[in-house]
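Here's the letter readout for the chains.
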Amino acid sequence: MSAAELGALVPALALAGSAALATLLAIPRRTGPRALAWLGALAAAAVAGVALANGTGAASPTVARDGASAFFVVLVAIVTAVSCVLAAADPRRIVRSKDETALALIAACGAVVVVSAVDLLVLFVGLALLTIPLYVLTGRTALAGDEGAVRHFLLGATSSAVALYGMALLYAATGETGYAGLGRATHNPLYLAGLALTLAGLVSHVATASARRWSIVINVAVSGALVRLVAATASGEIGLDWQVSFATLAGVALVVPGVAAVAERRVRRIVGYATITQLGFVAVAVASAALPAAAFALAAHCATALGLFAVIAILPQREPVLEDLAGLARRRPVVVLALALLAFGIAGVPPTVGFLAKVDVLEAAVRAQLLWLVVLGALASVGTAVACARLVLACFAAPPLDAVAPSRMRAGTVVALVLAIAVLAAGLAPGPLLDAVQAVHF
Amino acid sequence: MVQVVVLIPLVVAVACALPIGSLARVLAVLSGLLTAGCVAAAVWLGVGGGPVDLYYWAAPLGAQLAVGWDGWSAAMLLLSGVLFAAGAAASGGIVRPRAYFALWSLLQTAVAGVFVSRDLLLFFAAHDALLVPLALLLWGWGGADRRAATRRLAVMWLTGSALLLTGILALGVGAHTFSFATLAGYRLAEASQVLLALLFLSAFAMRLPLFPFHAWVARTYVAAPAPVAIVLGGVLSKTAVYAIARICLPLFPRGMADLEPYLLALATVGALYGAILATRQRDTRRVIAYASLAEIDLIAVGVFLATPGGLEGALIASISHGLVVAILVLLGAALARRIGSFGFGPGGLGARAPVLMALFVLAILGLIGVPGTSGAPGQLSILAAAFAVSPGIGLIASLVPVVIAVSGAGVLRAVFFGPPAVGGLDLGWRERGLVVALIALAVVIGVVPRSVGDLAGRTGPALSELRQ
Amino acid sequence: MTLALVVAVPLANAIAIALLGGRLGRRTLGIVTTVALVLSFGAGASMIATLRDRPTVDAFIATWLPLPGADLALTVDSAMLAVALALSGVSALIALYSIGYLARDRGLQRYFSALSLLVAGMLLVTLGANLLLVVAGWELAGAAAYLLVGHHREHTAAAAAASQLFVIDRIGDAALVAGTLLLVTEFHTVDLAQLSGVALEHGSTIGGAPVIASVLLLIGALAKSAQAPLHGWLPDATEATTPVSALLQTVAVTGGVVLLMRLRSVLVPDVLQAAAIIGGLTAFGAALVAVGERDVRRVLAWSTISQVGLMFVAAGLGALFAARFQLIAHAVVKAVLVLGAGSVRRATGDESDLARRGGIGWRMRWTAGAFGIGTLALIGIPPAAGFFGIAAIVSAAFSDGDALLTALVLLAVAASAFAGVRLFALMFAAPPAAVRATDAPRRLQDVSLVLLAFGALAFGAAVSAGLLPIGSGPADEAPVWLLGATFAVVLAPSIAAWLGYRHGLPAAARIERAMRWARGGLGLDALYARAVADPFRAVARELDEGAERANDRAVGGLGTLAHRASNVMGGVSRASARAEQAFLLAGAVVLLAFWTWSAR
């Protein structure tokens, strides 16, 4: 490994080190899983600082160290930190596992590698590092007998396999594994097939990740990787026309969840659909070749989705439906306030950051002459808005007499509130965030 | 001055988070009166005007917080302040007052934001943001049908907003700016003007509402509590009128001119349609809903005509309509308290409640546009403008007040005439006070329409470039 | 300034009573109102002298609307001054009468306020300097009329009549406003003097808009003055209390005539001709109905419609002096008749049906005397006022060379004479049907009656002697044989009626049977219900149940559609793992295919 590569991998190494530390610290009986989770959060936050300090530097053929990687790495670290806090405060865990923190940190390390990779093999290694611990995590937090974890594992494995197959074809077509080779290759069927399969594999990871807090890390990582891949292939002598394909993808990602959310009654699913719509907007930005807008939308997505998962964690039911939210307004008015702000953020209601992200992305689409996509996006967000409104309004209903009281979960409430305020504040004063995403360019 | 108009209700909304109990209502009334007073003072002294760039909201997006006011804004802000104060005063006995008045003040803030924005994105933000407190007020404090009514209202308005956003972004990106002042000088091709005008109008047509898009009106007026109905009919519909006059007409003159025949047809037919349907209603709230629809579409005729006379008439008629709707809703609520339902009751109430009847008659006369009431100057100007452009439209539009009169006479006869019914007291001093105050305002406008008409003249250069 | 007082005093009185009159008693309210109206009369009378030197007097008060010529200003010439004096004078006496008649009434604050408002409105119509003020006064009078007719709220028939009046009034108002606006668009001014000037200049080059405007203004005039086909409100409005009835038939109904007179040079000649013919037909038809009617109040109402029809004939023919004269005379005379009939009704237990009441003989001497004088004046026996007016109209029609019109006028005069004498005979000369408790009229009622009757007698003579400056006209220049023929036409039916009805209704059964078809407004009321009200209701019902429901369902249907689509799509995501894998691979294939295609 060269010095440049080491320098670029500093955040990943820090995370790996923290994971090792967490594994070691799990051995003594006295350290409980909760304490470990708090420590993991601390470590991830520290890594965010490290990444910022690391900044940009010399390029290497396998791992990039530019503004985009800095942004994404910081984002991954923050998301991991918040997720760890939520894990620490989650009262519903039946099986308390001490490995969870370590697994989470390893996954974060994988995510960092994924977003910084400029080589297909490195990308795959990072993907494996990212996804495998998350299968275990999903399985651990599930009740016994739940087939969701197995299904998740199967689909994830298929996706990774497909992506690997695509990468092999790309290697055959270009003769090298670096992204730079992608930009120089001619577009023979082998190349195209490889690219298609790689992208399909990556995207399907996002699609199959269930709506749990760890899925956000996957979202961020895959988005970062996609952004790089798109930039790499678009800058060749014969640039690929990403516009229509991503636009179609975005259209589907916008419309299907937007419509499906209208009649949905399960809370997790509603939030899941809304997050997919947000990712649809990210895809719109990619289709319009406006990468800073994509990064902005991604940041907005992270904040709102994490906050909503924090709120869902407060509910006592495993699979809450709308009726389970009844009475929340009376018992936990602060939580409902945070929920409202976050729901507005996801739906894109002004003056939250979600609105600005929507505007930014749609502006880019207009510039790219994708007016139909703009209309579709605007209309689809109506469906999301309606679904989120139902979510918020269900909290005001009167609870049935035998309702289970929501848990105290102070940390979760604080997290949700902080994120909600961040969503509102970023909407009112988006300057810093907008400046930060300007770094995402190639 | 401009910031004051938006900040005062915002402060009240935040204050409602504190445990102030019933003080919230007093604060809400004061905030409405204070904003109206500030605007009136500013108009009197002639200060303000001209856009004030506060700061860049999101520079890469091209959005800026440009706010300012002119004649139209000031008139609408005055109306808004008065009606919000009136609605708050009428909200006695509301459950969960702090939440209610917090939402009320937020709504007021958003409405004020609509009227002072000089930047399309800010306008859109305020325009959409006001839907949230409105929906919450309807959902939380409404009558029996509130869920369905709120859903329908929200979906229709949101769909319009989605198209509006598309239009705004398309325009802003193409012109590299969102500010009104700069956009006014930007000349687009005719085809794109038509398309953009349609996109913009879709949102405003839902909100007015313009004829075929009125499916939300009847249910919402029935489900809404009286103060919310006041604000809905009096102020929120005017945001659409304001938006068409302020945005669509100056920015897309040729597009609007091309669309004018269709728009005029829709508005005229809608006005007559609303008036005819009002004669068939047996619930006072639905009568008010349809009569209000007829009046609003008549105002829309004035705006679509795009002549100075038509626009001035539309402004005066808007103010008048807001006041009259407020009065009718208040009286309708008072009536319902005496009869026990919102139907017409057993009749004969005139003997027991002569003041109520007298005020009702005055309000209906104002709705019809009898000279001496506030409805007259606006309606007459609009009709004059209509006749100047097309006698056919003018004739049909002239029929609208006649048909409204039929429904008004029917309501009066069913409720107040006939053998005296049992029970029912006349209006108390508190009820009387609010309505009389509003009527006094209406009379002032009726007798001195110049006061409002002058405001219409004080608009920016964009509006005065319109087709004569 | 004095001119402004003529309108301002009744208007201020109306507002003052409405706001402050709550605690005042009946007498105070009534006297204040009467004094206000007398002041208005006085102010007008003081200008008689001024108008001998000048043709017009103008009073400018303030600027009003941003339209050219739309200022708060009044203008008057000697002709309109006479009309104004008649209006204020007669109203003052009616107000005086009300003090006595409404002795047991409540809610007199409303009553006197609305009464003043009505008079103020009509004065504004007469004296306003521009069309907008005329419209304003018109509408104020209409609103006041509605309030007055609906004054006794418990009275269902009056309530229905009030609603009907309201609607027809609105139709007239809408037509008036539309016509005004068309004129403004065409001639660019609302000032009446300027309009007349401009219209005269236009002359024969008048195009479509002034014709439509004239038609619309005519429709407005017809509605206000209860001419066919918009006459239905007046007979029904007599359900209201007597003074209101009197006020409507003397003051309110003159609106259309005044309008025609003031806009004489603006209206298109064809429309004026049409006005005359409509007036003539209405005059004849209404007089026939009056012959057949049994209800005293309705007889008088139809008689009013007939007389106003004659005024329309005069105005339409351009015989302004005749129209004026008839207007003023009729106001005084009809007031006597209606108020007198009201006194009689009160005294006989509120019975209006002639068949059931019978005559009351000379028990109410003053009333009977006044009524008798009034009848003579109405039917046109000299030297009472009516004769000169009728003669003037007949000669105007004759000199115009219009045979049809002359015939109509003469027939109307004949029928009107018959109806008038019939009424008097049945009310006073016929034997009483049953003895009822008398509610003797109060003194004020009698006083006003007497004054009015005196006016009826004296008016005609005063005018001929040139004492009253209402101008001169064809009455002075009519050929003697025409005057004689008119007198014969009046006398013959009168004598026939007297002989036929002097012994009461049963004795005249044959005549009654012959006139049965004339009752019920010649069947027009039923026609209206079928031709106007029912179709309107049907259209409203169709729109409500058809279009509105369809709209509702469409929007609701979209929501249901969205719900169903949502359920379908929700089902998609619950597909099995295998299906998802298949979807994944399919997506990849599609992607590949697209790129291959786009990269070639």
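Definitions and cut-offs
- Think of each chain on its own: its residues are numbered from 1, step by step along the sequence as written.
- Chains carry letters from A onward and ligands carry numbers from 1 onward, assigned in written order.
- Totals for whole chains, interfaces and linings use every residue, but because this is a predicted model, local features are given only for residues with pLDDT of at least 70 and side-chain atom pairs only at 80 or more, for both listing and counting.
- As a convention, hydrogens and water are excluded, and side-chain values are obtained from all of the structure's heavy atoms.
- Axes here refer to lines fitted to C-alpha atoms; in helices the fit is confined to the stretch in contact. Angles between the N-to-C directions go from 0 to 180 degrees.
- Helix and strand assignments follow DSSP, with helices taken as H or I runs no shorter than four residues and strands as E runs no shorter than two, numbered in order from the N terminus.
- When describing relative orientation, an angle under 35 degrees is termed roughly parallel and one over 145 degrees roughly antiparallel, while 65 to 115 degrees is termed roughly perpendicular and anything else oblique.
- Crossing handedness is defined as follows: a turn of the near helix away from the far one that is anticlockwise and smaller than a right angle gives a left-handed crossing, while the clockwise case is right-handed.
- Residue contacts are counted whenever heavy atoms from the two residues lie within 4.5 Å of one another.
- Under the convention adopted here, Pro, Cys and the residues Ala, Val, Leu, Ile, Met, Phe, Trp and Tyr are nonpolar, Asp, Glu, Lys and Arg are charged, and Gly plus all remaining residues are polar.
- Accessible area that two parts lose when put together, evaluated with a 1.4 Å probe and summed over both, is termed the buried area.
- Note on definitions: salt bridges are taken to be side-chain nitrogens of Lys or Arg within 4 Å of carboxyl oxygens of Asp or Glu.
- Polar contact is the term for a pair of N or O atoms within 3.5 Å; when the atoms are in protein, one must be able to donate a hydrogen and the other to accept it, and sequence-neighboring residues count only if both atoms are side-chain atoms.
- A 1.4 Å probe rolled over the protein chains alone gives each residue an accessible area, and that area as a share of the maximum for its type sets the label: buried under 20%, exposed over 50%, partly exposed in between.
- Centres within 6.5 Å are what make two rings of Phe, Tyr or Trp a pair, Trp counting through its six-membered ring; a difference in plane orientation under 30 degrees is then read as stacked, over 60 as edge-to-face, and the rest as tilted.
- Two conditions define a charge located above a ring, namely a distance within 6 Å from the ring centre to NZ of Lys or CZ of Arg, and an angle within 35 degrees of the ring normal.
- On a scale of 0 to 100, pLDDT captures the predictor's confidence in every residue.
- The domain boundaries here were taken from an automatic or database domain assignment.

Below, the discussion takes up the packing of helix 10 (residues 242–260) of chain A against helix 11 (residues 267–287) of chain A. Residue and element names in this part refer to chain A. Taken N-terminus to C-terminus, the directions of helix 10 and helix 11 make an angle of 160°; their axes are 8 Å apart at the nearest point. Viewed along their axes, helix 10 and helix 11 adopt a mutual orientation that is roughly antiparallel. As helix 10 packs across helix 11, the resulting crossing turns out to be left-handed. Together, Q243, F246, A247, A250, A253, L254, P257, G258 and A260 of helix 10 and Y273, I276, T277, G280, F281, A283, V284, V286 and A287 of helix 11 make up the contact between the two elements. The residue makeup of the contact of helix 10 with helix 11, split by class, is 14 nonpolar, 4 polar and no charged.

Take the environment of C248 of chain B next. All names here are of chain B. Here C248 lies in helix 11 (residues 226–251). Spatially, the C-alpha atoms of C248 and L201 are 7.6 Å apart, while their sequence positions differ by 47 residues. Setting aside anything within four residues of it in sequence, one finds C248 in contact with F200, L201, F204, A243, P253 and M256.

Looking now at the interface of chain B and chain A. Opposite the 26 residues of chain B that make contact, chain A presents 26 residues. Counting each side, the surface lost to burial between chain B and chain A is near 2,400 Å², with a carbon and sulfur contribution of 84%. At the boundary of chain B and chain A, one finds 0 salt bridges. Remark: the boundary between chain B and chain A carries 0 residue pairs in polar contact (both at pLDDT 80 or more). Taken together, the elements giving at least two residues each to the side of chain B that touches chain A come down to strand 1 (52–58), helix 5 (120–129), helix 6 (131–141) and helix 7 (146–175) of chain B. Sorting elements by how many residues they give to the side of chain B that touches chain A places helix 7 of chain B first, with 10 residues. A class-by-class count of the residues in the side of chain B that touches chain A yields 23 nonpolar, 2 polar and 1 charged.

Let us now look at the pattern of salt bridges. Residues and elements named next belong to chain C. Here the structure, examined in full by the defined rule, presents 16 salt bridges over all chains. A salt bridge links R170 to D173, with the nearest nitrogen and oxygen atoms 3.1 Å apart. Here R170 and its partner D173 are both found in helix 7 (residues 156–187), 3 residues apart, which amounts to about one turn of the helix. Using a relative accessible area of 6% as the deciding quantity, one classes R170 as buried. The salt bridge partner of R298 is E293, with a shortest N-O separation of 3.8 Å. Summarising the burial analysis for this pair, R298 and E293 share the class buried.

Each partner contributes residues to the interface: chain B has 45 residues there, and chain C has 39 residues. Overall, the association of chain B and chain C removes approximately 3,800 Å² of surface from exposure, summing both partners, and the carbon and sulfur fraction of that is 70%. The largest share of the area that chain B buries against chain C comes from R280, P371 and F417 of chain B, three residues that together contribute 16% of it. In this structure, the connection of chain B to chain C is made through 4 salt bridges. Linking D544 of chain C and R280 of chain B is a salt bridge whose minimum nitrogen-to-oxygen distance equals 3.0 Å. Connecting chain B to chain C are 6 residue pairs in polar contact (both at pLDDT 80 or more). Breaking the side of chain B that touches chain C down by element, the ones donating at least two residues are helix 7, helix 12 (253–278), helix 15 (349–352), helix 16 (354–368), helix 17 (375–389) and helix 18 (391–416) of chain B. At 10 residues, helix 18 of chain B tops the list of elements feeding residues into the side of chain B that touches chain C. Looking at the side of chain B that touches chain C, its residues break down into 33 nonpolar, 6 polar and 6 charged.

This part is about the environment of A547 of chain C. If you trace the backbone, A547 of chain C turns up in helix 25 (residues 524–573). Of the residues examined, A547 of chain C reaches a relative accessible area of 34% and is grouped as partly exposed. For A547 of chain C, the residues in contact, after removing those within four places along its chain, are Y273 of chain B together with E542 of chain C.

Per the counting criterion, the structure on display carries 20 aromatic pairs over all chains. Here F71 of chain A and F72 of chain A contribute two aromatic rings whose centre-to-centre distance is 5.6 Å and whose plane-to-plane angle is 80°, an arrangement assigned as edge-to-face. The residues F71 of chain A and F72 of chain A share a single accessibility class, namely buried. Each ring, one from F123 of chain B and one from F204 of chain B, has its centre 6.1 Å from the other, and the planes form 75°; the classification is edge-to-face. One end of the pair, F123 of chain B, is in helix 5; the other, F204 of chain B, is in helix 9 (residues 190–207), with 81 residues separating them in the sequence. Neither F123 of chain B nor F204 of chain B differs from the other in exposure class; each is buried. Within the aromatic cluster, the residues linked to one another by ring pairs are F84, Y100, F101, W104 and W141 of chain B. Over the ring of W141 of chain B we find R96 of chain B; its NZ or CZ atom is 4.8 Å from the centre of that ring. Geometry around F342 of chain B places R285 of chain B over its ring, the cationic atom sitting 3.8 Å from the centre.

Following L208 of chain B, the chain continues to P209 of chain B via a peptide bond in cis, the omega torsion being -5°. Relative to the assigned elements, P209 of chain B resides in the loop between helix 9 and helix 10 (217–223). A cis amide bond links A228 of chain C with the next residue in sequence, P229 of chain C, at an omega value of 0°. By the element assignment, P229 of chain C lies in the loop between helix 9 (208–224) and helix 10 (233–237). Backbone geometry places A289 of chain A, a non-glycine residue, at a positive phi of 55°. Relative to the helices and strands, A289 of chain A resides in the loop between helix 11 and helix 12 (291–314). Overall, A289 of chain A belongs to the exposed group, its relative accessible area being 65%. At R96 of chain B, a position not held by glycine, the phi torsion is positive, near 50°.

Let's shift gears to the packing of helix 2 (residues 33–54) of chain A against helix 3 (residues 67–89) of chain A. Residue and element names in this part refer to chain A. One can describe the packing of helix 2 onto helix 3 by two numbers: an axis separation of 8 Å at closest approach and a directional angle of 165°. Relative to helix 3, the element helix 2 lies roughly antiparallel. Seen along the crossing, helix 2 lies across helix 3 with a hand that is left-handed. Only V73, V74, A77, I78, T80, A81, C84, V85, A88 and A89 of helix 3 make contact with helix 2, whose side of the interface consists of R34, A37, W38, G40, A41, A44, A45, V47, A48, A51 and L52. Taken together, the residues of the contact of helix 2 with helix 3 break down into 18 nonpolar, 2 polar and 1 charged.

All names here are of chain B. Confidence in the prediction of chain B, expressed as mean pLDDT, is 84, and 91% of residues score 70 or more. Of all secondary-structure elements in chain B, the lowest mean pLDDT belongs to helix 21 (residues 461–464), at 41, while helix 13 (residues 284–305) reaches the highest, 93. Of the regions scoring below 50 in pLDDT, residues 460–468 engages in 19 contacts with residues more than four places distant in sequence or in other chains.

Residue and element names in this part refer to chain A. Looking at chain A, the domain boundaries give domain 1 (1–233) and domain 2 (237–442). Computed from C-alpha atoms alone, the centre-to-centre distance between domain 1 and domain 2 is 22 Å. Inspection of the region where domain 1 meets domain 2 yields 0 salt bridges. At the junction of domain 1 with domain 2, the criterion picks out 1 residue pair in polar contact (both at pLDDT 80 or more). Those elements that place two or more of their residues in the side of domain 1 that touches domain 2 are helix 3, helix 7 (179–184), helix 8 (189–208) and helix 9 (215–234). Broken down by element, the side of domain 1 that touches domain 2 gets its largest block of residues, 11 residues, from helix 3.

Another point: the environment of T185 of chain C. Its location among the elements puts T185 of chain C in helix 7. Counting along the chain gives 25 residues from T185 of chain C to P210 of chain C, while the straight-line C-alpha distance between them is 9.7 Å.

Quick look at the side chain of S161 of chain B now. Residue and element names in this part refer to chain B. Relative to the helices and strands, S161 is located in helix 7. We classify S161 as buried; its relative accessible area is 1%. In contact with S161, other than residues within four places in its own chain, are F124, H127, D128, A203 and R207.

Time to look at the confidence of the model for chain A. Across chain A, pLDDT averages 82, with 91% of residues at or above 70. Taken element by element, the predicted model of chain A shows its lowest mean pLDDT in helix 7 of chain A (76) and its highest in helix 15 (residues 353–367) of chain A (89).

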